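Take a look at the letters that make up each chain.
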Amino acid sequence: MSSMIMASQSRARISIKNKIFALYLLALLMLALCPLLYLSVSGSVVLIMGLPLPILYWLAIAVFLGVGLWVMYLAECAFGEIPQDEEA
């Protein structure tokens with residue numbers, strides 16, 4: 001295979017990866033900013049593992065964001081987009 005074909009395939013995979021991650025972030029943004037979802041749990045006095053449901057809602061969004069960023073980092077490492085640290 002020529003290097004141009006391999007570069008084109010690599011760019012296509014990176015583009016798909018970026019689109020999937022953008023959709024994931026958009027879904028998290030909608031969870032965080034859509035008032036209907038939050039208002040449905042905001043008045044709840046239900047405790048889950050000792051935490052009120054509204055606080056657990058925001059913590060879940062933060063955890064999903066952290067996991068998404070970690071997966072994106074792993075994907076970028078796999079594609080070779082992050083340069084290796086060099087010893088000085």
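Preceding block: the structure.
Let us look at the structure shown here. (Residues numbered from 1 in each chain as written. Predicted model: local features only at pLDDT ≥ 70, side-chain atom pairs only at ≥ 80, totals over all residues. Heavy atoms only, no water.)

You will see that M49, though not glycine, has its phi angle at about 55°, which is positive. Along the chain, M49 turns up in the loop between β1 (47–48) and β2 (51–52). (Helix = DSSP H or I, 4+ residues; strand = E, 2+ residues; numbered from the N terminus.)

Per the counting criterion, the structure on display carries one aromatic pair. Here Y57 and W58 contribute two aromatic rings whose centre-to-centre distance is 5.6 Å and whose plane-to-plane angle is 85°, an arrangement assigned as edge-to-face. Residue class for W58 comes out partly exposed when judged on its relative accessible area of 37%. (Phe/Tyr/Trp six-rings, centres within 6.5 Å; stacked < 30°, edge-to-face > 60°. Buried < 20%, exposed > 50% of the residue type's maximum accessible area, 1.4 Å probe, protein only.)

A few words now on the packing of helix α2 (residues 35–42) against helix α3 (residues 53–79). At a minimum axis distance of 8 Å, the contact between α2 and α3 shows a crossing angle of 140°. Crossing of α2 over α3 shows right-handed handedness. Where α2 approaches α3, its residues L37, Y38, V41 and S42 are matched on the opposing element by L53, P54, Y57 and W58. (Axes fitted to C-alpha atoms, helices over the stretch in contact; angles between N-to-C directions. Left-handed = near helix turned anticlockwise from the far one by under 90°. Contact = heavy atoms within 4.5 Å.)

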